[in-house]
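Residue-level listing of the chains:
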Amino acid sequence: MPGVVPVIARARPDDAVSIAALWHAHLDETGTAVDASFTPAHGPEQTAARLKRALARGTLIGWVARLDAGAIAGYLTARLHTRDPLFGDSFRDEPVLYLVDVDVAQAWRRRGLARRLLAAAEDHAREQNVATLELAASVRDTRAVAAWSRLGFVPRVTLMRRAVEPRVPSTR
C-alpha cells in the first residue's frame, strides 16, 4: 500500500457489492454494541441489492476511494433532500445533503480518506446550491461524534426513540 493513492470517484451501481461488504465488515468489527439502530436488517447480499437499486435510480448518491485494481478503500453515501429530512417543511424549506454512511477499510484508516470523501460531497453540495450537510451519529459512539465535530459538524437536535409494539407483526 505504500505509494498507493486511492482516487475519489462517484459511486456507481456496480460498486454496491463492495460498499455492502465494507459496511458489513465494519459491523463485524464493531458489533452492534454502539447502537443497534445503525445495524442493517439484511445480510450483505440484500444490502448490496438495495444499494445497487438506489444508486441506479439516483435516490442515493455516493463517492468511493477507488484503488488501482478497482477495489474500494472507502465510501460515502448521501441523499439530497429538498426539505429538511427530520422536520419536512415545518421549519425551513432549503435543500440538505444528508450523509447516510461513511466508512473506510481498516487498513486505510488514518490516511485522510474520510476527509477526501467528505470534500467530494461538499463539492457536490456546492454544485447543487446546497448550503447544508447533515448526518446522524449515535450519541453512544463518542469516537464518531468527536470525529464529526473535528470536521465541523455541530449537534442540532437530539432524536429520541421509543419502541412501540405493532398490532400486526411485520412481514418484512
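Now for a quick tour of the structure. What you are looking at is a predicted structure, and each value in this text was computed from that prediction instead of being measured. (Residues numbered from 1 in each chain as written. Predicted model: local features only at pLDDT ≥ 70, side-chain atom pairs only at ≥ 80, totals over all residues. Heavy atoms only, no water.)

What follows concerns a positive patch on the surface. Together, Arg50, Arg53, Arg57 and Arg79 make up a positively charged patch on the protein surface. Examining the composition of the positive patch, we find that three residues originate from one element, helix H2 (residues 44-57), more than from any other. Position of Arg57 among the secondary structure elements: in helix H2. Assessed through its relative accessible area of 59%, Arg57 is described here as exposed. (Patch = residues over 30% accessible without salt bridge, like charges linked within 9 Å, V, L, I, M, F, W, Y side chains within 5 Å. Areas by Shrake-Rupley, 256 points an atom, 1.4 Å probe, with all protein chains shown as cover. Salt bridge = Lys/Arg side-chain N within 4 Å of Asp/Glu carboxyl O. Lys, Arg positive; Asp, Glu negative; His and termini not counted. Charge placed at Lys NZ, Arg CZ, Asp CG, Glu CD. Helix = DSSP H or I, 4+ residues; strand = E, 2+ residues; numbered from the N terminus. Buried < 20%, exposed > 50% of the residue type's maximum accessible area, 1.4 Å probe, protein only.)

Attention now goes to the packing of aromatic side chains. All chains considered together, the criterion is met by one aromatic pair. Centre to centre, the rings of Trp148 and Phe153 are 5.2 Å apart; their planes meet at 80°, and the pair counts as edge-to-face. It is Arg111 that lies over the ring of Trp108; its NZ or CZ is 4.8 Å from the centre. (Phe/Tyr/Trp six-rings, centres within 6.5 Å; stacked < 30°, edge-to-face > 60°. Lys NZ or Arg CZ within 6 Å of the ring centre and 35° of its normal.)

This brings us to unusual backbone geometry. Although it is not a glycine, Arg110 adopts a positive phi angle of roughly 65°. Here Arg110 shows up in the loop between strand E4 (96-104) and helix H3 (113-127). Assessed through its relative accessible area of 82%, Arg110 is described here as exposed. Even without glycine at this site, Asn129 takes up a positive phi of about 60°. For Asn129, the location among the structural elements is in the loop between H3 and strand E5 (133-135).

This next bit is on the sheet that holds strand E1 (residues 7-10). The five strands lie next to each other as E1-E2-E3-E4-E5, forming an open sheet whose pairing is mixed. Edge positions in the sheet fall to E1 and E5, since each of these pairs with one other strand and no more. Ignoring which end each strand starts from, the neighbouring axes of this sheet average 30° apart. (Pairing = 2+ DSSP bridges. Axes fitted to C-alpha atoms, helices over the stretch in contact; angles between N-to-C directions.)

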